[in-house]
Amino acid sequence: MTKHDHHEHGDHSHHPEAPSDIEARTLALESLLIEKGLLTSEDVDRIISAYEHDIGPMIGARVVAHAWVDLDYRARLLNDGPAAIRELGYDYPASTGLAVLESTKEVHHMVVCTLCSCYPWAVLGLPPTWYKSAPYRSRAVVEPRKVLEEFGVALPADVSVNVWDSSSDLRYMVLPERPEGTEGWTEEQLAAIVSRDCMIGVARPQVPAEANR
Ligand code: FE
């Protein structure tokens, strides 16, 4: 069993406890800024959305794109995720491990935290709400193919599905398979099709229709 005792990044939204000191101070500060007209709730939502969709996941996406174009780098990434991420100039905390899982035509990897919401923040930013939800946490293990179908990923029966249960000591990130039709693309173009969900393993990178004209 994996050890599951704490979250060093302070994600306690699923715990029925009073807000921590930091959370209470953050809420108080947010209320004050809104009251003074310096900030709106929409600003806050926009910033959170940026962390959810751009800033955080873009680090992971650039790591994936680099691994797609540089096979030696891919080998280093699969062997030692944190070292390979630091190699590209990004920070990765020394306190947690990160295993990078390579999805192929034979095996599809999918990540969950069954006990709480352990998540590779350093590369993927904020976890989506559904990742922390009880249904995802239980169903990902019991009926992963059904969950994947609901996310729009229909896997042929001969593709095995591996579900990985994250812990506070060891987080996971999926290295999805590079899709066909992306030959000759720049790393920037490649990174743009690697979404957060692709790196959790509930989506696969899609080549936009206009790229195939
Ligand atoms: Fe957890």
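The preceding data block contains the structure.
Structure report, in brief. (Residues numbered from 1 in each chain as written. Predicted model: local features only at pLDDT ≥ 70, side-chain atom pairs only at ≥ 80, totals over all residues. Heavy atoms only, no water.)

Around the iron ion, the protein contributes the donor atoms Cys113 (SG), Cys116 (SG), Cys118 (N) and Cys118 (SG), which lie 2.2 to 2.6 Å from the metal centre. Relative to the metal, the four donor atoms surrounding the iron ion lie at angles of 77 to 135°, and the coordination shape comes out irregular. In primary-sequence terms, the residues that donate to the iron ion follow C-x2-C-x1-C. The exposure class of cysteine 113 is buried, given its relative accessible area of 0%. A residue is classified by how much of its surface remains accessible, and cysteine 116, at 7% relative accessible area, is buried. (Donors = N, O, S within 2.8 Å, 3.2 Å for Na, K, Ca; no water. Tetrahedral: all angles 85-135°; square planar, octahedral: opposite > 155°, others 65-115°. Buried < 20%, exposed > 50% of the residue type's maximum accessible area, 1.4 Å probe, protein only.)

Glancing now at helix α1 (residues 21-35). Between its first and last C-alpha atoms α1 spans 21 Å; for 15 residues at 1.5 Å apiece the expected length is 21 Å, and the two agree. Taken from the residues just after α1, glycine 37 is the one with a positive phi, measuring 75°. (Helix = DSSP H or I, 4+ residues; strand = E, 2+ residues; numbered from the N terminus. Expected span 1.5 Å × (residues − 1).)

A few words on the layout of surface pockets. Estimates place the volume of the second largest pocket at around 270 Å³. Lining of the second largest pocket is provided by 19 residues; of these, Thr104, Lys105, His108, Glu177 and Arg204 occupy positions nearest its centre. Here the lining of the second largest pocket is built from residues that sort into nine nonpolar, five polar and five charged. (1 Å grid on protein atoms, 1.4 Å probe; cavity = no way out; pocket = protein on both sides within 12 Å on 5 of 7 lines; lining within 4 Å. Points joined across faces, edges and corners; volume = space filled by probe spheres on them. Nonpolar A, V, L, I, M, F, W, Y, C, P; charged D, E, K, R; others polar.)

Along strand β4 (residues 170-175), five of the six residues are buried, which leaves the element largely enclosed by surrounding structure. Here strand β1 (residues 97-102) runs beside β4; their pairing, made up of six bridges, is parallel. Across the sheet, residue leucine 98 finds its bridge partner in β4, namely arginine 171. (Pairing = 2+ DSSP bridges.)

Here we come to the packing of aromatic side chains. By convention here, two paired aromatic rings are described through the distance between centres and the angle between planes. Tallying each qualifying case throughout the model produces seven aromatic pairs. Measuring from centroid to centroid gives 4.9 Å for tryptophan 130 and tyrosine 136, while their planes differ by 70°, and the two rings are edge-to-face. By relative accessible area, which is 22% here, tryptophan 130 ends up partly exposed. A residue is classified by how much of its surface remains accessible, and tyrosine 136, at 6% relative accessible area, is buried. (Phe/Tyr/Trp six-rings, centres within 6.5 Å; stacked < 30°, edge-to-face > 60°.)

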